[in-house]
Amino acid sequence: MKQKIFCSLDEPASDRATSIYTNGELHFSVSRDEYPNGEFIQVIHDENGYQINEVYDRGSSMAWLLNLALSSGIPLNHSKDVLTETEEIEKTYDSQLEKFDDYTHLPFVTVDNPDSRDLDQAVFIEEEGDILRIWYAIADTTDNIPVTGKIFGEALGRGVSYHFDLFSLPMLPDSLSEDKISLSPMETRKSVIFITELDSSPSVRSFRVIRGLIKSRAKLSYETVQAYIEGQRSEEYKDAEWKTNPSLTEKAGKLLIKLNSTHGSLSFNREDLKFIFEDSAESLSIGYSERKRNFRIKIHPFVRTASARYHEQFSLITNTLGAKFLKNSNSPTLQAVYRVHDTPEEEQILNLKRISRELSELHENQELIMRDGESLYEFLTRAEKIENHSIRKTLLQNILYTCSRGRFQSTAAPHFALGINAYTRLTAPMREVVGVFMQKELLETSGMVEPFDSEKDGEIRDHVILQSEKGHELQKRIDKEIMRIAIEDYFCNFSDEPEKVIHSGTICCVKSSRIYIIMDAVPLEVRMYFQLLSPDTVYEVIGSVVKFQINDYTEEFFPGKSIHFKFSGVKENKMILIPVIN
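Rules used in this analysis
Residues numbered from 1 in each chain as written. Predicted model: local features only at pLDDT ≥ 70, side-chain atom pairs only at ≥ 80, totals over all residues. Heavy atoms only, no water. Helix = DSSP H or I, 4+ residues; strand = E, 2+ residues; numbered from the N terminus. Rg over C-alpha atoms; globule rule 2.2 N^0.38 Å. Buried < 20%, exposed > 50% of the residue type's maximum accessible area, 1.4 Å probe, protein only. Contact = heavy atoms within 4.5 Å. Areas by Shrake-Rupley, 256 points an atom, 1.4 Å probe, with all protein chains shown as cover. Lys, Arg positive; Asp, Glu negative; His and termini not counted. Charge placed at Lys NZ, Arg CZ, Asp CG, Glu CD. Pairing = 2+ DSSP bridges. Axes fitted to C-alpha atoms, helices over the stretch in contact; angles between N-to-C directions. Phe/Tyr/Trp six-rings, centres within 6.5 Å; stacked < 30°, edge-to-face > 60°. Lys NZ or Arg CZ within 6 Å of the ring centre and 35° of its normal. Parallel < 35°, antiparallel > 145°, perpendicular 65-115°, else oblique. Left-handed = near helix turned anticlockwise from the far one by under 90°. Nonpolar A, V, L, I, M, F, W, Y, C, P; charged D, E, K, R; others polar.

**Observations concerning the overall build of the chain**
No. 1: When you go through the chain residue by residue, the secondary structure sums to 12 helices and 26 strands.
No. 2: In terms of C-alpha radius of gyration, the chain reaches 26 Å, essentially the compact-globule figure of 25 Å for 582 residues.
No. 3: For the chain, the proportion of its 582 residues judged to be buried stands at 53%.
No. 4: Across the chain, contacts joining residues at least 24 apart in sequence account for 67% of those joining residues at least 6 apart.
No. 5: A total accessible area of about 27300 Å² is found for the chain, and carbon and sulfur atoms account for 46% of it.
No. 6: Here the chain contributes 68 positively and 91 negatively charged side chains, and the mean placements of these two sets differ by 3 Å.

**Some points on the pairing of strand β8 (residues 121-128)**
No. 1: Pairing geometry for β8 and strand β9 (residues 131-139), over eight bridges, is antiparallel. When the bridges of β9 are listed, I125 appears paired with I134.
No. 2: As consecutive antiparallel partners, β8 and β9 are separated by two residues, and within that stretch G129 has a phi angle of approximately 65°, a positive value.

**Describing the sheet that holds strand β13 (residues 203-215)**
No. 1: A sheet is described by the order of its strands in space; here five strands give the open sequence β6-β13-β12-β9-β8, paired in mixed fashion. Each edge of the open sheet carries a strand with a single partner, namely β6 (101-102) and β8.

**Focus on the sheet that holds strand β22 (residues 537-542)**
No. 1: Taken in spatial order, the three strands line up as β22-β23-β24 in an open sheet, and their pairing is antiparallel. Lying at the two open borders of the sheet, with one neighbouring strand each, are β22 and β24 (553-557). The mean angle between the axes of side-by-side strands here comes to 15°, regardless of whether they run parallel or antiparallel.

**Topic: the packing of aromatic side chains**
No. 1: The final tally for this structure, using the stated rule, is 17 aromatic pairs.
No. 2: A ring pair is formed by Y490 and F491, whose centres lie 5.6 Å apart and whose planes are at 75°; its orientation type is edge-to-face. We note that Y490, like F491, is buried.
No. 3: Three or more aromatic residues link up through ring pairs in this structure, and these residues are F6, Y56, F164 and F167.
No. 4: Taking the ring centre of F295 as reference, the NZ or CZ of R293 above it sits at 5.0 Å.

**Details of the packing of helix α6 (residues 245-262) against helix α7 (residues 306-327)**
When two helices pack together, their arrangement is given by the angle between their axes and by how far apart the axes lie.
No. 1: One way to put it is that α6 packs onto α7 with a least axis distance of 8 Å and a crossing angle of 60°. On the basis of the axis angle, α6 is oblique to α7. Considering the relative orientation of α6 and α7, their crossing is left-handed. Contacts from T249, E250, A252, G253, K254, L256, I257, L259 and N260 of α6 reach α7 at Y310, H311, Q313, F314 and I317.
No. 2: Of the residues contributing to the contact of α6 with α7, the split by class is seven nonpolar, five polar and two charged.

**Digging into the side chain of S61**
No. 1: Structurally, S61 can be placed in helix α1 (residues 61-71).
No. 2: Residue S61 is classed as buried on the basis of its relative accessible area of 2%.
No. 3: If we ignore the near neighbours within four places in the chain, the residues touching S61 are L166, F277, D279 and F295.

**Let's talk about the environment of S504**
No. 1: Turning to its location among the elements, S504 is positioned in strand β19 (residues 502-510).
No. 2: Take S504: its relative accessible area is 24%, and that puts it in the partly exposed class.
No. 3: Note: C-alpha distance between S504 and L166 (338 residues apart in sequence) is 30 Å.
No. 4: Ignoring sequence-local partners within four residues, the contact set of S504 consists of M519, D520, I563, H564 and F565.

**Points about the environment of F452**
No. 1: Mapped onto the elements, F452 comes out in the loop between α11 (433-445) and α12 (454-492).
No. 2: As a C-alpha pair, F452 and S168 span 284 residues in sequence and 32 Å in three-dimensional space.
No. 3: Among residues more than four places away in sequence, those in contact with F452 are V147, T148, K440, E444, D457 and I460.

**Here's the deal with the packing of helix α3 (residues 150-158) against α11**
No. 1: Contact geometry for α3 and α11: axes closest at 9 Å, N-to-C directions at 130°. Considering the angle they form, α3 stands oblique to α11. Every residue of α11 that contacts α3 at F152, A155 and L156 is listed here: V433, V436 and F437.
No. 2: Taken together, the residues of the contact of α3 with α11 break down into six nonpolar, no polar and no charged.

Dropping the structure here:
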């Protein structure tokens, strides 16, 4: 078993050496003379013992992220009991394969981000007349990760895998999630296979679930599949038995998107952000963080490929039809977990209508008004066609504000954003404990495995809901902290005197205490807090209009209007943004 382990060089520590503790056992010592500036190390544990793989200096991006993980209460490593149980799984996994039906002749492929290693989804698509048959295989965790085991117990404590841009802290040991259970190329793996038949109308003709062995033929990325769709056929596709998959992926993906539109599924086609960490040999004189650091974070905007959206559709339809099957099963032992998204409150819709009317008056455009009886899906579809970029961006952002956040619960209920009556999470058992639990529940309900004690199952389910919610909330806080530093660095990276640089953006919302601005250069939302304005800036807020007066100049700003501003530092983790007026 090969395991990556993070260790702190500061705990415990002595004058000249640091003892490395992993899972409560002393393994070796590291001299401070050898690594005087080291704060963390990465150790590889395999059949050869423990070897230092990487050293992360104090102030480096990795050390900062690892400290962020620790301060968030996330364990850097898995416990000794979990690793012991993992070793047993590795020893017995292959001996279990003979009891599964064999589907290794089907040319499945995995499609994910280029750096993904926890491959829990593989797809094979075939066409038969008017029917597209989508075979969607999910890594089978049910036999190897029982709810009574140490691995599940620790996964329950974590809730999810946590992502820190430069690394992940996996919910499952990486020797499982990236190796023995992962749907790695040319490896025979146990899978739960969802088979969906789709016709060209489009409608779902049939849906069923089986267990079986698959062998993925290739690890593809969204970019390589997109290149194929666009006609850039590399040599690796020439004789590949899976070469029809990318073109059928496009066909199936478009049909599913069309199907979603029939029940009002909301889709916001926004730019995504990638954070690029750049380390320096010296402490950088940028930023306003209390902790000294030797790195910058650069923001790289990108638009998701059509290929990524198509593969997202395969996951959505699987979770949707899986939830429908469970909801209609009437199984007395079922302890399901559903993902619910509430319909916006009447007050939220009325507020959106008010904003749309104000935008219409301010910009003299009647098409901006949300009409009586118009659904949010219909309004969103109209808003996306508005030609004026700033007004379109403002309206779409306010529609997004109207949507509440999803949550997990034990009873089926509508998912408003998707426009469906029930939804669950079956497709990410490597990354979400709810995926492990719900796969077990699905197989029990389908009669493929024996039901677990229903009373205990109910208690476990309640913990799954609780920990899943905590895990998602914690990941959001982590993302928010990384974003905060990234925005800080963005403003400071322009020059040695960042307070002299003029930025621009579009106002999307005006509140009594602040303005929300979407920047033009990168799709970031920043906030201008009135209480942090310079003393020579006088302001007045009337409804959705704010009037700024600087010296002898006065100008009104409102949603949908461009604004120029300067960055003037940070106070209590808030950016100080000062308006620039003519």
